[in-house]
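Per-entry structural report
The residues making up each chain are set out below.
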Amino acid sequence: MNYPAITLWSDSCFYSPYAMSVYVALSEKGIPFTLQRVDLNQQMQFSADYSALALTSRVPALQVDELTLCESSAITEYLEERFPAPHYERLYPRDVIKRARVREVQAWLRSDLLALRAERPTDVVFAGKRYDALSPAGEQAAAKLIAAALRLLPDDRQNLCGEWSIADSDLAVMLNRLALHGDPLPAKLQRYAEFQWQRASVQLWLTESARAR
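A brief look at the structure comes next.

Here the focus is the packing of aromatic side chains. Taken as a whole and judged by the stated rule, the model has seven aromatic pairs. Between Phe14 and Trp205, the ring centres sit 5.2 Å apart and the planes meet at 75°, which makes this aromatic pair edge-to-face. Linking Phe14 in the loop between β1 (6-11) and α1 (17-29) with Trp205 in helix α10 (residues 200-212), this pair joins segments that are 191 residues apart in sequence. With respect to burial, Phe14 and Trp205 carry one shared label: buried. Ring pairs connect the aromatic residues Phe14, Tyr23, Phe33, Phe126, Trp197 and Trp205, which therefore count as one cluster. In this arrangement the basic side chain of Arg82 is found over the ring face of Phe83, its NZ or CZ atom lying 4.8 Å from the centre. Here the guanidinium or amino end of Arg103 rests over the ring plane of Tyr92, the centre of that ring lying 5.6 Å away.

The structure is reproduced here in structure tokens:
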């Protein structure tokens, strides 16, 4: 099969949960791609070359032939349409209501819970770092995440929609900010995050992150 030339631009440490989301999506689709690193510590995202490539000067960016897209949920939706089922693995459910829920979860995780993201950054998840106890704002954000996740997973379902979707990986990252730091998390959510973490596409990303350290 002839595939287009695809390049994924990620942070150099592989700490970005959004670059991970796109990496997982590409891996699930089984599409060959090339990885390029952007050193955020050196602010290379603002270099002339990268800024000319990436509209938002952020990672991830996905280059497919002459098209370059930024913003991870826009990229995964594009990949779902560009490489559709049944020839490729689904990233979003077939059912329109479930698909809307997945998009809701993706949008929420990218725009909310700021205190939790600040106090439990992803080097907790990908490098085992430890930080001080959560502040009141961090505890409030954690409680909001837990309450919403319990509503989304009312039983011991292994996936949000009865079938895997890209939002499962996204939610697992957020829950693992707590779980892998040893912060309190209901056992049901702990099991869910552990199960999602074992998915082959996620394990491939974890291998990339380990190699970068």
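For the rest of this paragraph, the subject is the nonpolar core. Membership of the largest hydrophobic core comes to 56 residues, with the highest contact counts inside it found for Leu62, Leu145, Leu160, Leu175 and Trp197. The element best represented in this core is helix α8 (residues 166-179), accounting for nine residues. If sequence neighbours within four positions are ignored, Trp197 has contacts with Met20, Val125, Phe126, Ala172, Val173, Asn176, Leu180, Val202, Gln203 and Leu206. Trp9, Tyr50, Ala54 and Ala61 belong to the second-largest nonpolar core, a separate cluster that totals seven residues.

What counts, and at which threshold
- Residues numbered from 1 in each chain as written.
- Predicted model: local features only at pLDDT ≥ 70, side-chain atom pairs only at ≥ 80, totals over all residues.
- Heavy atoms only, no water.
- Phe/Tyr/Trp six-rings, centres within 6.5 Å; stacked < 30°, edge-to-face > 60°.
- Helix = DSSP H or I, 4+ residues; strand = E, 2+ residues; numbered from the N terminus.
- Buried < 20%, exposed > 50% of the residue type's maximum accessible area, 1.4 Å probe, protein only.
- Lys NZ or Arg CZ within 6 Å of the ring centre and 35° of its normal.
- Core = buried A, V, L, I, M, F, W, Y, C linked by side-chain atoms within 4.5 Å.
- Contact = heavy atoms within 4.5 Å.

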